[in-house]
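Here is what each chain is made of, one letter per residue.
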Amino acid sequence: MTTTQLRPTARSTRPLAFGRTFLTELRKLVDTRASLAVVIGAAAGVGVFAGGRAFFPTAGTDLGHLATMALWPGGLGVMVLAVLLVAGEFSTGSAAVTFTLEPRRGRVLAAKAAVVGVLVAAVGVLAVLAGSLMVVIAPALTGQHLGWGFEATRFAAAVGSTLVLGLAALAWALLTRSIPAPIVLLLVWPTLAMLVGSVSPVAATVLGYLSLEPMYALVEGDPAGLVKLATSVLAWIVAPGVLGVRRLLRADLS
């Protein structure tokens, strides 16, 4: 058999190799009690928030409102799981094992990012299912009608912002190799930005370019929406991610 004949076979094994790496990283979401508790808590939170809004509705509450509300606890779960995927390994010392089994560190990081994307998609689907269930169940118990209206663009913005949050958590965990630091940063920043912005209109304008929910600027028709999305992604994902990758590729795994 010639070398030319062997090339397609070698090439065809590459996606399978990445698939195995992806499945390994996905399995880590339930490998420890901490990550499993986060998964269960996030799923329960989606149901609780959808139900809470459905049983105490405001005017115009519909499926879209319920699903968007249900995304919030799911997004927090994605953030914590993204941190655990990276920083959790460094805190337990298992990162050395991970990168020994798969020496191509870039492939491992790509698999972790893909896991975050799958988590966000799963949370989005779960939020819609929870909202749909509440549209059926809640009126029978409360007597208050809930509509099936669904504003797709706003829900997409919520899902997109959840993805930004998850990837930001991954990037900052990669940079700091700490579990609490990225979580505290990403939880405190929105409140801090709101407080500072309420004091100074100029600061509010500037901080709008560093939002963790940049997708909303697009659906709200903000003329600077695309710029805000670009600067937010650069600040929260690209910059810490590049520094974290550089540290990972050039330094040891301690």
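Residues numbered from 1 in each chain as written. Predicted model: local features only at pLDDT ≥ 70, side-chain atom pairs only at ≥ 80, totals over all residues. Heavy atoms only, no water.

(A) Representation of the packing of helix 7 (residues 152-176) against helix 8 (residues 180-199) in the model. Their axes nearest at 8 Å, the elements helix 7 and helix 8 cross at an angle of 140°. When the axis of helix 7 is compared with that of helix 8, the two are oblique. Our pair here, helix 7 against helix 8, has a crossing hand that is right-handed. For the pair helix 7 and helix 8, contact is made by Leu-165, Ala-168, Ala-169, Trp-172, Ala-173 and Thr-176 and by Ala-181, Pro-182, Leu-185 and Leu-186, respectively. (Axes fitted to C-alpha atoms, helices over the stretch in contact; angles between N-to-C directions. Helix = DSSP H or I, 4+ residues; strand = E, 2+ residues; numbered from the N terminus. Parallel < 35°, antiparallel > 145°, perpendicular 65-115°, else oblique. Left-handed = near helix turned anticlockwise from the far one by under 90°. Contact = heavy atoms within 4.5 Å.)

(B) Quick peek at the pattern of salt bridges. Counted under the stated rule, the structure contains seven salt bridges. Arg-104 is paired through a salt bridge with Glu-102; the nearest N and O atoms lie 3.0 Å apart. The exposure class of Glu-102 is buried, given its relative accessible area of 11%. Salt bridges sharing common partners tie together Glu-25, Lys-28, Glu-89 and Lys-112. (Salt bridge = Lys/Arg side-chain N within 4 Å of Asp/Glu carboxyl O. Buried < 20%, exposed > 50% of the residue type's maximum accessible area, 1.4 Å probe, protein only.)

(C) Up close: the packing of helix 7 against helix 11 (residues 225-250). Contact pair helix 7 / helix 11: the axes reach a minimum separation of 7 Å and the direction vectors enclose 30°. Judged by the twist between their axes, the crossing of helix 7 over helix 11 is left-handed. Packed against helix 7, whose contacting residues are Val-164, Leu-167, Ala-168, Ala-171, Trp-172, Leu-174, Leu-175 and Thr-176, the element helix 11 presents Ala-235, Trp-236, Ile-237, Pro-240, Gly-241, Leu-243, Gly-244, Val-245, Arg-247 and Leu-248 at the interface. Per-class residue counts for the contact of helix 7 with helix 11 are 14 nonpolar, three polar and one charged. (Nonpolar A, V, L, I, M, F, W, Y, C, P; charged D, E, K, R; others polar.)

(D) View of the packing of aromatic side chains. The final tally for this structure, using the stated rule, is four aromatic pairs. The interplanar angle of 35° and the centroid separation of 5.5 Å between the aromatic rings of Phe-49 and Trp-72 together place this pair among those described as tilted. Of the two residues, Phe-49 sits in helix 3 (residues 33-55) while Trp-72 sits in helix 4 (residues 63-92), which places them 23 residues apart along the sequence. We classify Phe-49 as partly exposed; its relative accessible area is 31%. Exposure remark for Trp-72: the relative accessible area of 51% places this residue in the exposed category. Each member of the aromatic cluster is reached from another via a ring pair, and the members are Trp-172, Trp-189 and Trp-236. The ring of Tyr-209 carries Lys-228 above its face, with NZ or CZ at 5.5 Å from the centroid. (Phe/Tyr/Trp six-rings, centres within 6.5 Å; stacked < 30°, edge-to-face > 60°. Lys NZ or Arg CZ within 6 Å of the ring centre and 35° of its normal.)

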